[in-house]
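Here's the letter readout for the chains.
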Amino acid sequence: MNKNFRKAMIAVGVLAAVVSGTSHAAFPDDKPVTLVVPFAAGGPTDKVARELALSMGKALKQQVIVDNTPGAGGTIAAKKVMNAKNDGYTLLIHHIGMSTAPGLYRNLGYDPLTDFEHLGQVADVPMVMVGNKDLKAKNMKELLAYIKSKGKDVAYANAGIGSASHLCGLLFMSTIQQEMTTVPYKGTAPALTDLMGGQVQLMCDQTTNLAGQLKAGSVKAYGATTMQRIAAFKDIPTLHEQGLKDFQVNVWHGVYAPKGTAKDATDKLSAAIKAGIADAGYKAKMADLGANVPNEKNASPAGHKAHLKAQIELWTPIIKKAGIYAD
Ligand code: ASP
């Protein structure tokens, strides 16, 4: 190959790369976006994710597919997305666990504030303390007496360290000054099956998972984790009004991309989230499941990041003070 010919070939190569680079810059291209869910299929996070995948997909004009990667309270999925290609096609949906994990895990392996692009919050979900329907306790007072008499013989289910159900249980046990035996699952969908089957007695879970059972009366509802009663379940008293003063857990959910994802992609994804949560079908579904759609500020990337930071600052000292950790 003579020198000039080689130079010409290199120039053609560079030109081709520039042209193809330009044509691939538009996001989303012809492949679907994957939304990684850190808990088992059929559970509360999964339900929000699947609704969002539909409405976001409509806005993006591209399919959004759900990938369940459960385990270790959601931290396995977070690491998976942190290490994924930062091209906008792999996203994480995670909840309040993003803000509790830094306090709970001694070797977390990621920083929720600096290892991700924050795309926006998508749902706020209240929780309800529920029990197997054959429990004799009719209300919180009787439940507390039951827990006091049985102690560690009471099995409390959760979705692993760092999950919302874990956090709610920790707060509950420290508020009532009584330990129970905790039983971790890969999500609260399988935990709920066992609770209904009587293998475990209690669980604190999100209304997005419990709505059907609460409406059917197939579990016992002992109290909501909100200061005001939940609009969709007005007959369930709050834990606060039953003497567990200021007991409050609000399970906010947000969407993340790996750090360094191009601005063109994050802008389009954030816009799709904004449109997705404003979608009438999404709103109706959330209302039916007892969940709220976040305000415009929290649904924005900056609002999401600021809220995450404030939540890390809120939960880390509470967790450290309680002396709870995982490796
Ligand atoms: N999000 C739930 C929790 O943290 C678990 C799940 O989605 O299955 O308890």
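Check the entry above for the structure.
**Describing empty space enclosed by the protein**
Point 1. Within the structure shown, the criterion is met by one cavity of 30 Å³ or more.
Point 2. Put simply, the largest cavity is a space of about 60 Å³.
Point 3. Forming the walls of the largest cavity are F39, P44, T45, H95, A159, S163, A164, S165, G187, T188, D205 and Q206.
Point 4. For the lining of the largest cavity, the secondary structure elements donating two or more residues are α2 (44–60), α6 (164–176) and β7 (202–206).

**What about the packing of helix α7 (residues 188–197) against helix α8 (residues 207–216)?**
Point 1. Between α7 and α8, the least distance of the axes is 10 Å, while the angle of their chain directions is 30°. Judged by the inter-axis angle, α7 sits roughly parallel to α8. Crossing handedness for the pair α7 and α8: right-handed. Here α7 contributes T188, A189, L192 and M196 to the contact with α8, which in turn contributes N209, L210 and Q213.

**Notes on the environment of L143**
Point 1. Relative to the elements of secondary structure, L143 occurs in helix α5 (residues 140–150).
Point 2. It is 9.3 Å that separates the C-alpha atoms of L143 and G131, two residues lying 12 residues apart in sequence.
Point 3. Ignoring any residue separated from it by four or fewer positions in sequence, one finds L143 in contact with L135, A137, L202 and Y222.

**Points about the site of the ligand**
Point 1. Around the ligand, the surrounding shell consists of F39, P44, T45, H95, A159, S163, A164, S165, G187, T188 and Q206.
Point 2. Within the side chain of T45, one N or O atom sits 2.6 Å away from an oxygen atom of the ligand.
Point 3. H95 is positioned with one of its side-chain polar atoms (N or O) 2.7 Å from an oxygen atom of the ligand.
Point 4. Coverage of the ligand by the protein chains reaches 100% of its 260 Å² of free accessible surface.
Point 5. More than half of the atoms of the ligand fall within 2 Å of the grid points belonging to the largest cavity.
Point 6. At the level of elements, α2 and α6 are the ones that each hand at least two residues to the shell around the ligand.
Point 7. Class assignment of the residues belonging to the shell around the ligand gives a composition of four nonpolar, seven polar and no charged.

**Some thoughts on the layout of surface pockets**
Point 1. Within this model, the largest pocket holds a volume of roughly 320 Å³.
Point 2. Lining the largest pocket are 15 residues, and of these H166, L170, M173, T182 and I324 sit closest to its centre.
Point 3. Counting residues per element, the ones that place at least two in the lining of the largest pocket are α6 and β6 (181–184).
Point 4. At four residues, the largest contribution of residues to the lining of the largest pocket is made by α6.
Point 5. Looking at the lining of the largest pocket, its residues break down into seven nonpolar, six polar and two charged.
Point 6. Empty space within the second largest pocket amounts to approximately 260 Å³.
Point 7. Each residue belonging to the lining of the second largest pocket can be placed in one class, and the counts come to nine nonpolar, seven polar and two charged.

**With respect to unusual backbone geometry**
Peptide bonds are mostly trans, and most non-glycine residues show a negative phi.
Point 1. The omega torsion across F27 and P28 is -5°, close enough to zero to call that bond cis.
Point 2. Along the polypeptide, P28 turns up in the loop between α1 (3–24) and β1 (33–37).
Point 3. Even without being glycine, K61 reaches a positive phi, approximately 55°.
Point 4. By the secondary structure assignment, K61 is in the loop between α2 and β2 (64–68).
Point 5. The phi dihedral of A72 falls on the positive side, at around 50°, and the residue is not glycine.
Point 6. Inspection of the secondary structure assignment puts A72 in the loop between β2 and α3 (75–82).
Point 7. Accessibility expressed as a relative area gives 37% for A72, which makes it partly exposed.

Conventions we followed
- Residues numbered from 1 in each chain as written.
- Predicted model: local features only at pLDDT ≥ 70, side-chain atom pairs only at ≥ 80, totals over all residues.
- Heavy atoms only, no water.
- 1 Å grid on protein atoms, 1.4 Å probe; cavity = no way out; pocket = protein on both sides within 12 Å on 5 of 7 lines; lining within 4 Å.
- Points joined across faces, edges and corners; volume = space filled by probe spheres on them.
- Helix = DSSP H or I, 4+ residues; strand = E, 2+ residues; numbered from the N terminus.
- Axes fitted to C-alpha atoms, helices over the stretch in contact; angles between N-to-C directions.
- Parallel < 35°, antiparallel > 145°, perpendicular 65-115°, else oblique.
- Left-handed = near helix turned anticlockwise from the far one by under 90°.
- Contact = heavy atoms within 4.5 Å.
- Near = heavy atom within 4 Å.
- Polar contact = N/O pair within 3.5 Å; in protein donor to acceptor, adjacent residues only side chain to side chain.
- Areas by Shrake-Rupley, 256 points an atom, 1.4 Å probe, with all protein chains shown as cover.
- Sits in = over half its atoms within 2 Å of the grid points.
- Nonpolar A, V, L, I, M, F, W, Y, C, P; charged D, E, K, R; others polar.
- Buried < 20%, exposed > 50% of the residue type's maximum accessible area, 1.4 Å probe, protein only.

Purely geometric numbers; function is a separate question.
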